[in-house]
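Breakdown of the fold
The chain contents come next:
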Amino acid sequence: MAKTTQGTPEELALMTPTGSQGVPLDLSLVFETGPEPMPNCAECAMHRVERERAKACGDGSKRSDINVRLRRHLADKHAAELEAEHAAEHA
Ligand SMILES: [Zn+2]
């Protein structure tokens, strides 16, 4: 997995999953499901298709790589939408 030293707080939050007590979640579980692609976005759809293909091939490292790219894309392009969604969940 490529490491990055830069990123917005939202991106860093997305890239460092932690439990409610600040305990890191089981990474295999995170990579099993991965981030949720946004609907009505061609790039998200592309990542989803690639991930499904890697999953079908049993290519775990590629799937992890796609999840990293998708997570980065979500933070880059959908931060506002995700924040609105998050706010709605806790309204
Ligand atoms: Zn997208």
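Above this text is the structure in question.
Quick notes on the rules
For every chain, the first residue of the written sequence is number 1, and numbering continues from 1 onward in sequence order. Whole-chain, interface and lining totals are the exception, using all residues; otherwise, since this is a predicted model, local features are given only for residues with pLDDT of at least 70 and side-chain atom pairs are given and counted only at 80 or more. Each helix is a run of DSSP H or I of at least 4 residues and each strand a run of E of at least 2, with the numbering of both proceeding from the N terminus. Working definition of burial: number of other C-beta atoms within 10 Å of the residue's own, with buried at 20 or more, exposed at 12 or fewer, and partly exposed in between, all C-beta atoms being placed from the backbone. By definition, residues are in contact whenever their C-beta atoms, placed on the basis of the backbone, come within 7 Å of each other. Each residue after the first adds 1.5 Å to the expected span of a helix.

Next up on the list: the overall build of the chain. A tally of regular secondary structure across the chain gives five helices and zero strands. Evaluated residue by residue, the chain yields a buried proportion of 10% over its 91 residues. Contacts in the chain between residues far apart in sequence, at least 24 positions, make up 53% of those at least 6 positions apart.

The next thing to look at is helix α3 (residues 42–57). With 16 residues, α3 should cover 22 Å at 1.5 Å per step; its first-to-last C-alpha distance of 23 Å lies within 8% of that length. Among the residues trailing α3, Gly 58 stands out with phi positive, at a value near 70°.

For Arg 51, the position within the fold is in helix α3. On the basis of neighbour count, Arg 51 is assigned to the buried category, with 22 C-beta atoms found within 10 Å. Along the chain, Arg 51 and Asn 67 lie 16 residues apart, while their C-alpha atoms are 7.6 Å from each other. Those residues in contact with Arg 51 that sit more than four places away from it in its chain are Gly 34, Arg 63, Ile 66 and Asn 67.

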